[in-house]
Each structure stands twice: as structure tokens, then as C-alpha cells.
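If you want the building blocks of each chain, they are given just below.
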Amino acid sequence: MAKAKKDSILVDTQQVESIHHFSNSAFETFFTACQHKYELSYIQRLQAPKGLALLTGSAVDTAVSWAYQEKIEGRPLPGVSAVTLRMTSEYFQALLNGANLDGLPDSLVAELGIQAADNPLEAFTALWGSYPERFTGVRLAEKDDPLENYRVVKAALEVYADEHMPAVRPKFVQKTLMVPIPGVSQSMKMVLDLFDEDLRLIDLKTSSMKKPDDWTRTSTQLGTYNWGMDRSGEEVRGLGYHILVKTKKPWVQILKGPARTKSELDDIERVLTMRAT
């Protein structure tokens, strides 16, 4: 019975045809993970609260992209403290945006609002210490500690900003591509974190563990992004990951690999077309 119920709400052909574009995550959800989840998230728009990992990655992306954009526009690369301050603000503002303040004393809500504007870390710490159950807009596992997570991510970002960012020569950051999938009405939407002057396409990640050394070769995401750049007329000579590793001693893993070959790009296109048909 449970299986029949699940099958009854799978996304049908008409629904797929009505979708104008897929993001990489949406595409993977629909075709390789769970169509039930796709139905809820992308058709009915019933988005679950963001988890701590997603909030963390978004805050890091925002801070790093901002710093690289400064360099692209000819200004000095912001220092370590400026980059981590930007991440701190983004991270705790996102957490505070997920807090339900209904029913709290007006004076406390007003005080938290002032603190959030000036020092979101202080505002979060105060609310989290007294009302952790109020963060209903953030998906937190029982083991999740937002303050400890912040400490580890900040330490890894400090290493990245100090030891790796100065050597990067960014060509563009956070570029959105919309690439038609041949033979169907849908397109692939992709947001590219970083493309450098060496024509290397790089994705920035945070992770709780070291990634395999060959991840650039096996990554579906980087392969799809490489395909999108190629079909948009942009030459790609290499692929890479910059990974902030949140271990006991935080560190940064830099992975580099070759771009996909023409044959591999053609294979990716065939798979995209076949799955979207």
C-alpha cells in the first residue's frame, strides 16, 4: 500500500513538459534520487527548512564571491578578517531569519532586532541560549551545534583566505548559465562559483570529511557545468574543487583535474537529453 501511494504522486510527463528549466540539484533529485521529493519541492513548492550545511555553504559562497569580485574589479583582495566577518554576518542572519519570535516579549524582540543589525552573532547567541526551540525555520539535527559549526568553518575559511585566495586569479564568480537541452523544451540552469584566468572551473564546498582525490573526474556536477560552459562557447581547460574541511583541525583541500573531453561532453549531453525526454 505504501508503495502504491508513493507511485500515485510521481511527476508525470505533462508536469515535466511544463518545467522550463532544471537546476543541477533539481535534475538529480528528479531523475536519480526521489521523484516524490521533487514533486513536493519543485512542483508544489513545499520547501523544507534549510539545513545547517546549506546555510553554511551559502554564507561561505557569499563571502568568498564578494572578495573575489573585489579583485576582479581591480580593488585589493579583502583581508582574512573582512572575509570571515562577511561570512559571519551572512551565517547568523540566515539563522536568525529562521527564528520564530511570536509570543516573545516586545522588549526582547526589539532588543534582538537592534543586536541583529549591529552584531548578528551576539543576537543569535542570546536567543539560542534561552530559546533554542524557536529556530523552527532551520532544519537542525539533534547533534547540530550552530556555534561550534561556525567556529570550525571560520577556522577553515581563515586558512583559505590567508593561504589560497591571494593566488587565485578570478575571471568571474557566481555566473548563472541557462543552457538548452537538445531535443527537449527544458534547459539546465547552473550557477558557477568560480572561473579563473587559467580557464579552470572551480566549485567551492564545505565538507565534514576529506573528498576522494579523483572527485573532479567522477563529479556529475562539474561534468554538467563543463558541458554548460562548452555549449555556451566558453573554453574550459580544467576543473577543480576548493573544499573547506570541517575536521577537528580545519583545513582546505584543493582538487584539480582536466576538463572533460569532447567525447565525454557529448556523452553528458546524451544523458541529459535521454533523462529529460
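Residues numbered from 1 in each chain as written. Predicted model: local features only at pLDDT ≥ 70, side-chain atom pairs only at ≥ 80, totals over all residues. Heavy atoms only, no water.

Draft legend 1. Structural view of the packing of helix H6 (residues 80-97) against helix H8 (residues 120-130). Put simply, H6 and H8 touch, their axes get as near as 8 Å, and they point 35 degrees apart. Of the two possible hands of crossing, H6 and H8 adopt the one that is left-handed. Of the residues in H8, those touching H6 at Thr88, Ser89, Phe92, Gln93, Leu95 and Leu96 are Pro120, Leu121, Ala123, Phe124 and Leu127. Residue composition of the contact of H6 with H8, by class: eight nonpolar, three polar and no charged. (Axes fitted to C-alpha atoms, helices over the stretch in contact; angles between N-to-C directions. Helix = DSSP H or I, 4+ residues; strand = E, 2+ residues; numbered from the N terminus. Left-handed = near helix turned anticlockwise from the far one by under 90°. Contact = heavy atoms within 4.5 Å. Nonpolar A, V, L, I, M, F, W, Y, C, P; charged D, E, K, R; others polar.)

Draft legend 2. Representation of the packing of aromatic side chains in the model. Tallying each qualifying case throughout the model produces nine aromatic pairs. Considering the side-chain rings of phenylalanine 124 and tryptophan 128, the 5.5 Å spacing of their centres and the 20 degrees angle between planes classify their relative orientation as stacked. In this pair, phenylalanine 124 and tryptophan 128 both sit in helix H8, four residues apart, roughly one turn of the helix. Residue phenylalanine 124 is classed as buried on the basis of its relative accessible area, which comes to 0%. Grouped by ring-pair contacts, the aromatic residues Tyr91, Phe92, Phe124, Trp128, Phe135 and Tyr150 constitute a single cluster. Just above the ring of phenylalanine 172 sits the side chain of lysine 175; from NZ or CZ to the centre is 4.7 Å. In this structure, lysine 211 packs its charged tip against the face of tryptophan 215, placed 4.9 Å from the ring centre. (Phe/Tyr/Trp six-rings, centres within 6.5 Å; stacked < 30°, edge-to-face > 60°. Buried < 20%, exposed > 50% of the residue type's maximum accessible area, 1.4 Å probe, protein only. Lys NZ or Arg CZ within 6 Å of the ring centre and 35° of its normal.)

Draft legend 3. Representation of the pairing of strand S7 (residues 238-245) within the structure. Most of S7 sits out of view: eight of its eight residues are buried. Going residue by residue along S7, you find Gly238, Gly240, His242 and Leu244 tucked away on one face and Leu239, Tyr241, Ile243 and Val245 tucked away on the opposite face as well. Pairing analysis gives eight bridges linking strand S6 (residues 200-207) to S7, with the strands arranged parallel. From the neighbouring strand, threonine 206 faces S7, where its bridge partner is leucine 244. Strand direction decides the pairing type here: S7 and strand S8 (residues 251-258), joined by eight bridges, are antiparallel. Bridged to glycine 238 within S8 is proline 258. In this structure, the hairpin formed by S7 and S8 is closed by a connection of five residues. (Pairing = 2+ DSSP bridges.)

Draft legend 4. Structural context of the packing of helix H5 (residues 52-72) against H6. At a minimum axis distance of 8 Å, the contact between H5 and H6 shows a crossing angle of 145 degrees. As for how H5 packs across H6, the hand of that crossing is right-handed. Across the interface between the two elements, Leu52, Leu55, Thr56, Ala59, Val60, Thr62, Ala63, Trp66 and Ala67 of H5 pack against Ala82, Val83, Arg86, Met87, Glu90, Tyr91, Ala94 and Leu95 of H6. Residues of the contact of H5 with H6, tallied by class, amount to 13 nonpolar, two polar and two charged.

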